[in-house]
Amino acid sequence: DLARPTRGEAAGADLEERGKALEARRAACAKKAADLAAYEARVEQAAAEAAQEALRARRGVDHAREVADHWQVVQGRCRARHAAAADTQRDLEAVSHTLGEATGRLSALRADGRRAAQQLDAARQRLPEAEAEKAVAVGARNFKDAARLAAEVKALAARSEALTSQLEENRAAAAEAAAEVERLAARQAELQTAVAEVVRAADGEMAALMAAHAKRLSRAAQSAHATGA
């Protein structure tokens with residue numbers, strides 16, 4: 001009977017066992033809570049990394065879109081500059097062609113004028129000679145030669161008058177053609193300057209646009225590298 005535990009001792013032992021069991025459960029719960037917290041931390045870290053990755057990817061897409069959009073701008077400006085240069089070049093070619101034709105007309109008019117002037121000089125030189133010969137023939141009563149020379153004098157006088165009128169018309173036409181050549185030459189020089197200016201401006205703008213495009217490509221490449229890393 002002395003070795004048998006009393007009710008109080010039994011109750012105390014039972015309470016102690018229950019306390020140990022409760023403590024064990026508390027420890028297990030604490031461990032599970034710690035494991036859960038660690039898991040949640042890993043999940044949050046993974047989510048943060050995924051968000052950063054998505055942000056980098058989005059930035060890469062934005063940079064790629066920016067590069068593509070800017071390249072469209074570059075191509076558009078290039079086409080516009082080429083069109084402007086082509087229009088000015090066509091105007092220059094048209095004026096140059098017209099100038100060539102006008103120069104040819106002026107040269108022909110001047111050549112005609114020189115021939116007419118030479119013919120007029122010859123007629124004027126022959127006219128007094130023919131009149132003198134006619135007078136001699138009349139004095140010698142050589143009526144046949146006198147009639148021939150009279151016809152020649154009349155023809156020379158008519159030819160001199162016609163050539164004089166032709167020369168006046170030729171000079172007026174040549175002066176008008178020369179003014180047209182001068183006007184076209186000035187327009188040609190103006191268009192040549194315009195073409196050079198268009199080309200210079202196009203080169204400058206294209207250089208600036210390509211430099212800006214190169215910067216965008218560099219940023220896009222850096223973004224792609226960061227995304228890949």
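Residues numbered from 1 in each chain as written. Predicted model: local features only at pLDDT ≥ 70, side-chain atom pairs only at ≥ 80, totals over all residues. Heavy atoms only, no water.

## A look at the overall build of the protein chain
Part 1 of the reasoning: Secondary structure summary: the protein chain contains 2 helices and 0 strands in total.
Part 2 of the reasoning: Going through the 229 residues of the protein chain one by one, you find that 17% of them count as buried.
Part 3 of the reasoning: A sequence separation of at least 24 residues applies to 87% of the contacts in the protein chain between residues at least 6 apart. (Helix = DSSP H or I, 4+ residues; strand = E, 2+ residues; numbered from the N terminus. Buried < 20%, exposed > 50% of the residue type's maximum accessible area, 1.4 Å probe, protein only. Contact = heavy atoms within 4.5 Å.)

## Quick notes on unusual backbone geometry
Part 1 of the reasoning: Of note, R141 is a non-glycine position whose phi angle comes to about 55 degrees, a positive value.
Part 2 of the reasoning: With respect to the helices and strands, R141 occurs in the loop between helix 1 (7-139) and helix 2 (143-228).

## Details of the environment of L209
Part 1 of the reasoning: When you line up the elements, L209 lands in helix 2.
Part 2 of the reasoning: A relative accessible area of 15% places L209 in the buried class.
Part 3 of the reasoning: Residues L209 and R77, spaced 132 residues apart in sequence, show a C-alpha to C-alpha distance of 8.9 Å.

## Section: the side chain of T88
Part 1 of the reasoning: Its location among the elements puts T88 in helix 1.
Part 2 of the reasoning: A relative accessible area of 14% places T88 in the buried class.
Part 3 of the reasoning: Leave out the neighbours within four places in its chain, and T88 touches L191, A194, V195 and V198.

## Quick word on the nonpolar core
Part 1 of the reasoning: In this structure, L92, V95, L99, A102, L106, A174, A177, V181, L184, L191 and V195 together form the largest nonpolar core, which totals 11 residues.
Part 2 of the reasoning: Going through the elements one at a time, helix 1 and helix 2 are the ones with two or more residues in this core.
Part 3 of the reasoning: The residues contacting L92, other than those within four sequence positions of it, are Q188, L191, Q192 and V195.
Part 4 of the reasoning: A123, L127, A130 and L156 belong to the second largest nonpolar core, which has 5 residues in total. (Core = buried A, V, L, I, M, F, W, Y, C linked by side-chain atoms within 4.5 Å.)

## Observations regarding the pattern of salt bridges
Part 1 of the reasoning: Tallied over the full model, the rule gives 9 salt bridges.
Part 2 of the reasoning: Among the ionic pairs, R148 bridges to D145, the shortest N-O distance being 3.9 Å. Residue R148 and its partner D145 are both found in helix 2; the two are separated by 3 residues, about one turn of the helix.
Part 3 of the reasoning: The partly exposed category is assigned to R148, whose relative accessible area is 47%.
Part 4 of the reasoning: Its relative accessible area of 28% is what places D145 among the partly exposed residues.
Part 5 of the reasoning: Through salt bridges with shared partners, one network takes in R126, E129, E133 and E152. (Salt bridge = Lys/Arg side-chain N within 4 Å of Asp/Glu carboxyl O.)

## A word on the side chain of Q188
Part 1 of the reasoning: Position of Q188 relative to the elements: it lies in helix 2.
Part 2 of the reasoning: In this view, Q188 contacts L92, V95, S96 and L99; residues no more than four positions away in its chain are not counted.

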